[in-house]
Amino acid sequence: MTTAGVFSHNDNHMISCDILQEQDNNDHMSYWLSNTSALLFLIQRSLKASGSTAAEDPPAPTSFFSRMTQTFYSSSPNLPVGVVCQVEAKYPALLFKQQLTAYVEKIYGIIRENLKKDLSPLISCCIQVPRTSVEATFNTSEESQGDSSPASHWQNIIEHLNRLLCTLKENFVPPIFVQKIFTQNFAYINVQLFNSLLVHLECCTSSNGEFVKSGLAELELWCARAKEEYAGSSWDELKHTRQAVGFLVYMSFSSVV
């Protein structure tokens, strides 16, 4: 029985419906990302281009996702000889590989966007320094209903990052996918924070600069704890916001001197 035969139209439809019904469940999506990417890896290793030999290198990937999956393949340890026997790629197998690649792309994108949706309402609230104790006295009853200070928003961001990282690791999602999910979301954080500082000029003060700097320090600590294996170059994606905040703090120091 061919690989394409095993993955029947009914199985295809079942997975598609399962994904569409559980898009907000990162645990469910991580399960599918782990399994579909592992299967895609095995297929990639077992197929060879028509008329080529096993020793020949595959064509260079062109799209971003193709380059990412190629990194996944090359960074994975070689399987023992005989475990995967390469066969010539024919239409049914190529079609199956194409469908599976589309699933991996879709699931990866869903998890990435889920995190972005969680972070989006928090980021815009992270550029204003907490209210002074004098202002807080007029809002005691309001604040007692829940902590909505900017400091809590930074902490909520860290909690969302930790929760997703734990979910991805528990489902054995390949580190290269984890890296890209967080790297792209840190790039999103960088754009949102930097643009917020440009739009809200009243927030471009030394006190706000110090406050955002302390929040960025929390993100740096998170990257250090997650380690490069999972955080990748996430911290580097915040360079524009780090430079802007550093400028605000430096200008405040210069004015004092």
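In this text the structure is predicted, and so the values were computed from the model without any measurement.

Draft legend 1. Broad picture of the overall build of the chain. The helix and strand inventory of the chain stands at eleven helices and two strands. Starting at the N terminus and ending at the C terminus, the chain contains elements arranged as α-α-α-β-α-β-α-α-α-α-α-α-α. When burial is assessed residue by residue, the chain has 37% of its 257 residues classed as buried. In the chain, 85% of the contacts between residues at least 6 apart in sequence involve partners at least 24 apart.

Draft legend 2. Just helix α3 (residues 26-46), in detail. Between the first and last C-alpha of α3 there are 30 Å, a value that for 21 residues agrees with the 30 Å anticipated at 1.5 Å per step. Where α3 begins, the capping side chain belongs to Asn-25, and its oxygen is found 3.1 Å from the backbone nitrogen of Asp-27.

Draft legend 3. Local environment of the pattern of salt bridges. Under the counting rule described, the total for this entry stands at three salt bridges. Lys-116 is paired through a salt bridge with Glu-113; the nearest N and O atoms lie 3.4 Å apart. Of this pair, Lys-116 and Glu-113 both sit in helix α5 (residues 91-123), separated by three residues, roughly a single helical turn. The network of salt bridges with shared partners includes Arg-112, Glu-113 and Lys-116.

Draft legend 4. Structural detail: the side chain of Asn-114. When you line up the elements, Asn-114 lands in helix α5. Look past the residues within four positions of Asn-114 in its chain and what remains in contact with it is Gln-23, Asp-24 and Asn-26.

Draft legend 5. Structural view of the confidence of the model for the chain. Confidence in the prediction for the chain averages 79 pLDDT; 68% of positions are at 70 or higher. Confidence, expressed as mean pLDDT per element, reaches its minimum in the chain at helix α6 (residues 133-136) with 40 and its maximum at helix α9 (residues 175-199) with 95. Between residues 132-145, whose pLDDT stays under 50, and residues either more than four places distant or in other chains, the model counts three contacts.

Criteria and cut-off values
Residues numbered from 1 in each chain as written. Predicted model: local features only at pLDDT ≥ 70, side-chain atom pairs only at ≥ 80, totals over all residues. Heavy atoms only, no water. Helix = DSSP H or I, 4+ residues; strand = E, 2+ residues; numbered from the N terminus. Buried < 20%, exposed > 50% of the residue type's maximum accessible area, 1.4 Å probe, protein only. Contact = heavy atoms within 4.5 Å. Expected span 1.5 Å × (residues − 1). Polar contact = N/O pair within 3.5 Å; in protein donor to acceptor, adjacent residues only side chain to side chain. Salt bridge = Lys/Arg side-chain N within 4 Å of Asp/Glu carboxyl O. pLDDT = per-residue confidence, 0-100.

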